[in-house]
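Topology and contacts: notes
Residues per chain, in single letters:
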Amino acid sequence: MAPTFVLVHGSNAPGRCFTSLQRELALLGHRSLAVDLPGHGAAGFSAAYQAQDLETFATEPSPLAGVTHAEVVAALTDVVRRVHEHGPVILVGHSRGGMAVTSVANAVPDLLARTVYLTAWCCVTGNPAHYLQDPAHVPTALLEAATVRVGDPGQLGVLRMNWRTADATQLAALKRAILADGTDAELLSFLAGMDPDESLDGGDDVIDAATWGRVPHTYVRFTRDESMPLALQDTFIKEADARTPDNPFDVHSLEASHVGPLIHSAELASVLASLTLR
């Protein structure tokens, strides 16, 4: 029976960020489901955000405030269980979505035919803060783009971004950070679909060799990624392989920025499609 790809978005993203990838997968004859993790899909959208009333927007309550990683994992596990009723599941996470993928694979490995990390977090020896202690792992371009942050995360209970900025300096920083291989119009289109808010709880789970390690796993490196530095991607792969030497990562590489393959998806879809033949 053919597998279904369950696609898990990254930070400040909704399931619709996978529209192009789903189209390419469908053209190759494959089923896919893009999830909206709890609070996503409409999180933080308001009249103030639409009108760029940043004073009001900076203090508005968020539907994502208080959403925990445990709730995210429970919701994603439920999706995986329901999809598994109809055949094998390949669970795919992009960026921060890798944290949820790891947690689900730790908990219900028997429901997964494979996990796939797309330039994604795959923590092995510590939480994200642990990895960012290494200067080679710090996403400097992403930090430069963080000037689009709005409000106080401590008061809001979320990380809030103004993706609809018209500031040329901020837009240039965002392009360097996430879509250096795209056009200005593609950047604006992608940002328009982003959720302004993101949960503060990304979890601290690391891979469990006894459960996660039983599931075949693939890592797709994005070699021009300035938000998830290549050195960090390679660290995840190296550490995971050391933890599960009998089941190493199946590694592929795309010459791409952080979200480039979510916009121009044919090559990525081809890589994913190849996994169904194994």
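Residues numbered from 1 in each chain as written. Predicted model: local features only at pLDDT ≥ 70, side-chain atom pairs only at ≥ 80, totals over all residues. Heavy atoms only, no water.

Things to note about the sheet that holds strand β8 (residues 250–254)
Within the open sheet, the six strands sit side by side as β2-β1-β3-β4-β7-β8. Their pairing is parallel. With one partner strand each, in any of the chains shown, β2 (31–34) and β8 form the two edges of the open sheet. Each strand axis lies, on average, 20° off the axis of its neighbour in the sheet, ignoring direction. Summarising the sheet, strand β1 (residues 4–8) and strand β3 (residues 89–94) pair through five bridges and their orientation is parallel. (Pairing = 2+ DSSP bridges. Helix = DSSP H or I, 4+ residues; strand = E, 2+ residues; numbered from the N terminus. Axes fitted to C-alpha atoms, helices over the stretch in contact; angles between N-to-C directions.)

Side note on unusual backbone geometry
The backbone of Asn12 sits at a positive phi, close to 60°, despite the residue not being glycine. The backbone of Thr119 shows a phi angle near 40°, a positive value even though the residue is not glycine. Within the secondary structure, Thr119 sits in the loop between β4 (114–118) and α6 (128–131).

Structural notes on the side chain of Thr77
Examined against the element boundaries, Thr77 turns out to sit in helix α4 (residues 69–84). Excluding its chain neighbours within four sequence positions, the residues that come into contact with Thr77 are Val104 and Val108. (Contact = heavy atoms within 4.5 Å.)

Topic: helix α1 (residues 19–27)
Of all the positions in α1, only Ser20, Leu21 and Leu25 are classed as buried. The arc that holds the buried residues of α1, viewed along the axis, is 135°, so those residues lie on one side. Considering only its buried residues, α1 is in contact with β1, β2, α12 (260–263) and α13 (266–275). Phi turns positive one or two residues past the end of α1, at Gly29, with a value near 90°. (Buried < 20%, exposed > 50% of the residue type's maximum accessible area, 1.4 Å probe, protein only. Arc of directions from axis to C-beta.)

Some thoughts on the packing of α1 against α13
Between α1 and α13, whose axes approach to 9 Å, the crossing angle comes to 55°. By the angle class used here, α1 and α13 are oblique. Between α1 and α13 lies a crossing whose hand is right-handed. Contact with α1, carried on its side by Leu21, Glu24 and Leu25, involves Ala266, Leu268, Ala269 and Leu272 of α13 and no other residues of that element. Split by residue class, the contact of α1 with α13 holds six nonpolar, no polar and one charged. (Parallel < 35°, antiparallel > 145°, perpendicular 65-115°, else oblique. Left-handed = near helix turned anticlockwise from the far one by under 90°. Nonpolar A, V, L, I, M, F, W, Y, C, P; charged D, E, K, R; others polar.)

With respect to the packing of helix α9 (residues 168–178) against helix α10 (residues 184–192)
Their axes nearest at 11 Å, the elements α9 and α10 cross at an angle of 90°. For the element pair α9 / α10, the angle class is roughly perpendicular. Note on element contacts: α10 touches α9 through Asp184, Leu187, Leu188, Phe190 and Leu191, opposite Leu171, Leu174, Lys175 and Ile178. Its residues assigned to classes, the contact of α9 with α10 comprises seven nonpolar, no polar and two charged.

Focus on α4
A rise of 1.5 Å per residue sets the reference length of α4, with its 16 residues, at 22 Å; its end C-alpha atoms lie 22 Å apart and thus fit the reference within 8%. By the burial criterion, the buried members of α4 are His69, Val72, Val73, Leu76, Thr77, Val80 and Val83. The buried residues of α4 occupy an angular sector of 130° when projected down its axis, which confines them to one face. Exposed residues pointing more than 90 degrees away from the buried face of α4 are listed as Ala70 and Arg82. Buried residues in α4 make contact with β1, β2, β3 and α5 (97–107). (Expected span 1.5 Å × (residues − 1).)

Quick word on the nonpolar core
Leu21, Val116, Trp163, Ile178, Val220 and Leu272 are the most contacted members of the largest nonpolar core, which totals 42 residues. Contacts of Val220, omitting those with residues within four sequence positions, involve Val116, Tyr117, Leu118, Thr119, Gln233, His252, Leu254, Leu268 and Val271. Counting residues in hydrophobic clusters, the runner-up holds 41 residues, among them Leu64, Met99, Tyr131 and Leu232. (Core = buried A, V, L, I, M, F, W, Y, C linked by side-chain atoms within 4.5 Å.)

Re a negative patch on the surface
A grouping of Glu71, Asp201, Asp204 and Asp205 is seen on the molecular surface, where their side chains present a negatively charged patch. Counting through the fold element by element, Asp204 comes out in the loop between β6 (197–199) and β7 (217–222). Taking the relative accessible area as the measure of exposure, Asp204 reaches 53% and is therefore exposed. (Patch = residues over 30% accessible without salt bridge, like charges linked within 9 Å, V, L, I, M, F, W, Y side chains within 5 Å. Areas by Shrake-Rupley, 256 points an atom, 1.4 Å probe, with all protein chains shown as cover. Salt bridge = Lys/Arg side-chain N within 4 Å of Asp/Glu carboxyl O. Lys, Arg positive; Asp, Glu negative; His and termini not counted. Charge placed at Lys NZ, Arg CZ, Asp CG, Glu CD.)

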